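Summary of structural features
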Amino acid sequence: MKYSKPLLFIALGLFGVYTIEFGVVGILPVIIERFHITAAQAGFLVSSFALIIALFGPFMVLWMSRFNRKRIMTMSLFVFAITSLLSAYTSNFYLLVILRIIPALFHPVYFSLAFVAATALYPPEKATQASAKAFLGTSMGMVLGIPITAYIANQFSYEASFWFTAVANGIAGIGILFMLPDTRQAEMSSYRKQLGILRKVSLWLNIGAATFIFAAMFSVYSYSAEYLGQNTGMSSNVISFLLIIFGIGGMLGNLLAGKLMGLHKVRTALFHPVALGGTYLLLYGISSSFIPTLFIIIVWGAVHTSGLIVAQIWVIDEAKEAPAFANSLYISFINLGVSLGSLAGGWFIARAGIHGTLWSGLLFAMLAMVCIGSKVIYPRILRKYKGLDVQS
């Protein structure tokens, strides 16, 4: 396949991008010790990254879309690599925060252009397959980025964990520079057509559900290494191993959720926040016993990661007439959810101890259920209202 190599580097770049965003979760205990800060302060490294994406993502994408796609993708990856290297050696926590903000600005740019570039490599009938292959990099970055980063930090050093992301993004940038064809950019849809979907109440209910699902996920996941360390008493090496198992369970859960969404979309969407809340109740009783903990971690990973595909399909399905714009809304709002969740998790921890992160996750899972339930009954209410209006 002549397009397999550029697609491989596109996916590697997506892996690198999401490893930058979420990799710090696995080394939060190291960051807390290195900079002498609290868990809530360390969590700001996650929430600030996501908040920048949520606030500036759509504007950055619109601005950068005017320029050559291949050059912007390559530049973004080199920005990720350079900021990772600088992050490895900074001794100031606030400078580390700034070095997180810079790549956060380019994250949605690379993400959006990567999927456009991937689909442009193949004929229209194979565009979906190309997107699915590229999305594998996103899934692996979100699922495996944390345990891999944690493992490298524990086995080698804090600096080595940032070198890993720098090398991954650097290789992806070089690969795209030399392997990706420099094709002409397609015409963009009119702003009026894309903005038209914003009038749909049902879309906003779906966006609300996706936002709260991610808030629930990252209220707990942002503090996963710290939570496991405090409640199991296991060593950092064992916790790194558990996070890898979490990632494996997550990949299996993502595949299962994709099939279930294809068969029973509404039922699966409704069940997901219920299952998420159930795993948090299991986590409340986690102990130093290895086998039960291993089982809970696998279940948690499967349910947590399935939220990626459940939330995306739930949002995109409501705006098929403007999928690109809907995808940009999805990216912005799930990152808003990540930011909201990690901030709320830190707030609950500061007031209720480390178990407070679970109460935060449960709260957001309930709000997601409310949004999904409202979306399900909304068409019925609308039909009933229109029927009454006609009769009157």
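Quick caveat, the model's predicted, so the values are computed rather than measured.

1. Here's the deal with the layout of surface pockets
The probe, sized like a water molecule, is rolled over the atoms to show the empty space still left. Taken as a whole, the second largest pocket encloses approximately 220 Å³ of empty space. Lining of the second largest pocket is provided by 13 residues; of these, Leu256, Leu260, Phe271, Val303 and Ser306 occupy positions nearest its centre. Listing elements by their share of the lining of the second largest pocket, those giving two or more residues are helix H11 (236–263), helix H12 (265–284) and helix H13 (290–316). Taken together, the residues of the lining of the second largest pocket break down into 9 nonpolar, 4 polar and no charged.

2. Quick notes on the confidence of the model for the protein
Confidence along the protein averages 82 in pLDDT terms, with 87% of residues attaining 70 or more. Mean pLDDT per element in the protein: helix H8 (residues 191–195) is the minimum at 64, and helix H4 (residues 69–89) is the maximum at 93.

3. Section: the environment of alanine 365
With respect to the secondary-structure elements, alanine 365 resides in helix H15 (residues 356–391). Judged by relative accessible area, alanine 365 falls into the buried class, the value being 4%. A sequence separation of 150 residues divides alanine 365 from alanine 215, and the C-alpha atoms of the two residues are 8.1 Å apart. Once residues within four sequence positions are removed from consideration, alanine 365 is found in contact with Ala216, Pro273 and Gly277.

4. Notes on the packing of helix H9 (residues 201–221) against H12
Two elements in contact, H9 and H12, have axes whose closest approach is 11 Å; the angle formed by their N-to-C orientations is 15°. Regarding the angle of H9 to H12, the classification is roughly parallel. Like other packed secondary-structure pairs, H9 and H12 cross with a definite hand, here left-handed. Between H9 and H12, the residues in contact are Ile213, Ala216, Met217 and Val220 and His272, Leu276, Tyr280 and Leu283, respectively.

Criteria and cut-off values
Residues numbered from 1 in each chain as written. Predicted model: local features only at pLDDT ≥ 70, side-chain atom pairs only at ≥ 80, totals over all residues. Heavy atoms only, no water. 1 Å grid on protein atoms, 1.4 Å probe; cavity = no way out; pocket = protein on both sides within 12 Å on 5 of 7 lines; lining within 4 Å. Points joined across faces, edges and corners; volume = space filled by probe spheres on them. Helix = DSSP H or I, 4+ residues; strand = E, 2+ residues; numbered from the N terminus. Nonpolar A, V, L, I, M, F, W, Y, C, P; charged D, E, K, R; others polar. pLDDT = per-residue confidence, 0-100. Buried < 20%, exposed > 50% of the residue type's maximum accessible area, 1.4 Å probe, protein only. Contact = heavy atoms within 4.5 Å. Axes fitted to C-alpha atoms, helices over the stretch in contact; angles between N-to-C directions. Parallel < 35°, antiparallel > 145°, perpendicular 65-115°, else oblique. Left-handed = near helix turned anticlockwise from the far one by under 90°.

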